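Architecture and fold: a report
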Amino acid sequence: MDPGRFQLQPSFEYIRSTRAWDSSGDSHERGLFREQFLGFSATAGLINNVDININSGYSWIKDEDNDFDEDGFSGPLRGNNLTDLEMSGRYRFLNDEENHLEIAYIGGVTIPTGNDSDQSEIGTSQEYWSFDQTLVATKDWGQWTLNGDIGFSLPIGNKRDNDRGTLNTDLALGYQVLPWLQPEVELNYSQDFQKNEDDSQVLAVTAGFVMPINETLRVNIGVQQDVWGENTDKTTTIITSVRFAF
């Protein structure tokens, strides 16, 4: 964001899963998992090439896999509350206008403001602080746009338990069909590192539309489908967001 400019972005995600992958990558049925997330993000431009962002939201979760197991134990089936608060700063350290190349670093922290899981309710928090950092690059060729990023979230404190960090990387390609319409497709990979447990990882494909209606309004819609994983759920996610810049 340019200095003195602001951006507000409400968003909604619907996440659903009825299958999961085991440690061998084999898929099997699980009870219905469903999450509805309403998010809100605010960004402000500070100085040239530097802006700050804050975002959080509210989540409604249902997990029927927590119903009675073979030993007669039942965990919480539902939960809803505020999610964790994320605060970050973005520094664009390369802006090569001649070659249409931009590279930026994003550093931030996640504050566990959501509620913890207990015997009566599914929590909406990761339950620990984390330091998050991401490197982002964008390259344009005429009407084509290529975006890539790689990031790592490092857990902090005793409440992290066995969690030792999460690696995320994404690669996206878009084509500007019309001034207000850009179809795009992405590959998304994530791996959670664990101590004394097997790591989990997932590869997903996302397809959607970026629609810059005008200088003030931009709408994003898309669907993300997990296609391969280990020790994780196989989810389908519907994503929508609206950005207001002023």
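Here the structure is shown first, and the text comes after it.
So, here is what we can say about the structure in this document. (Residues numbered from 1 in each chain as written. Predicted model: local features only at pLDDT ≥ 70, side-chain atom pairs only at ≥ 80, totals over all residues. Heavy atoms only, no water.)

**Observations concerning the environment of V219**
Among the secondary structure elements, V219 is positioned in strand β12 (residues 217-230). When neighbours within four sequence positions are excluded, V219 is seen to be in contact with F209, V210, M211, I213, S241 and V242. (Helix = DSSP H or I, 4+ residues; strand = E, 2+ residues; numbered from the N terminus. Contact = heavy atoms within 4.5 Å.)

**Side note on the pattern of salt bridges**
Oppositely charged side chains can form a pair if their charged atoms are brought close together. Tallied over the full model, the rule gives seven salt bridges. Its salt-bridge partner being R30, residue D65 comes within 4.0 Å of it at the nearest N-O pair. Placement of the pair is D65 in the loop between β3 (50-63) and β4 (78-82) and R30 in strand β2 (residues 27-47), with a sequence separation of 35 residues. By relative accessible area, R30 is classed as buried at 13%. D116 is the partner of K159 in a salt bridge, and the nearest nitrogen-oxygen pair spans 2.8 Å. In this pair, K159 is assigned in the loop between β8 (144-156) and β9 (163-175) and D116 in the loop between β6 (101-111) and β7 (129-141), connecting sequence segments 43 residues apart. Look at K159 and you get partly exposed, because its relative accessible area is 46%. Looking at D116, the relative accessible area reads 31%, which means it is partly exposed. Via salt bridges that share partners, R30, D63, D65 and D233 belong to a single interconnected network. (Salt bridge = Lys/Arg side-chain N within 4 Å of Asp/Glu carboxyl O. Buried < 20%, exposed > 50% of the residue type's maximum accessible area, 1.4 Å probe, protein only.)

**Details of the pairing of strand β11 (residues 200-212)**
It is a general feature of regular strands that their side chains alternate between the two faces of the sheet. Note: strand β10 (residues 182-194) against β11, 11 bridges, orientation antiparallel. Note on β11: the bridge partner recorded for Q182 is V210. Remark: five residues form the turn of the hairpin made by β10 and β11, two consecutive strands paired antiparallel; N196 in that turn has positive phi of roughly 65 degrees. (Pairing = 2+ DSSP bridges.)

**Some thoughts on unusual backbone geometry**
Of note, N49 is a non-glycine position whose phi angle comes to about 70 degrees, a positive value. Residue placement: N49 occurs in the loop between β2 and β3.

**A word on the environment of K234**
Along the chain, K234 falls in strand β13 (residues 232-245). For K234, a relative accessible area of 30% translates into the label partly exposed. A sequence separation of 215 residues divides K234 from R19, and the C-alpha atoms of the two residues are 5.4 Å apart. With residues up to four places along the chain from it excluded, the contact list for K234 reads R16, S17, T18, R19, A20, W21, Q225 and D226.

**Some thoughts on the side chain of T43**
Relative to the elements of secondary structure, T43 occurs in strand β2. One polar contact links T43 to N53, side chain to side chain, over a distance of 2.8 Å. (Polar contact = N/O pair within 3.5 Å; in protein donor to acceptor, adjacent residues only side chain to side chain.)

**A short note on a nonpolar patch on the surface**
Side chains of W141, W144, L146, L171, L173, V185, L187, L203, V205, V227 and W228 sit close together on the surface and give an oily, nonpolar patch of about 920 Å² of accessible area. Among the secondary structure elements, W228 is positioned in strand β12. (Patch = residues over 30% accessible without salt bridge, like charges linked within 9 Å, V, L, I, M, F, W, Y side chains within 5 Å. Areas by Shrake-Rupley, 256 points an atom, 1.4 Å probe, with all protein chains shown as cover.)

**With respect to the pairing of β13**
Here 12 bridges tie strand β1 (residues 6-21) to β13, and the two strands are oriented antiparallel to one another. Considered in β13, the bridge of A20 is made with D233. In textbook terms, the turn of a hairpin is the stretch between consecutive antiparallel strands, and for β12 and β13 this stretch comprises one residue, one of which, N231, has a positive phi near 55 degrees.

**Quick word on the environment of T138**
Relative to the helices and strands, T138 resides in strand β7. Setting aside residues up to four positions removed in sequence, T138 forms contacts with H100, L101, E102, T145, L146 and N147. Among the polar contacts listed, one links the side chain of T138 to the side chain of N147, at a separation of 2.9 Å.

**With respect to the side chain of D63**
In this structure, D63 sits in strand β3. Here the side chain of D63 touches R30 through a polar contact of 3.0 Å, side chain to side chain.

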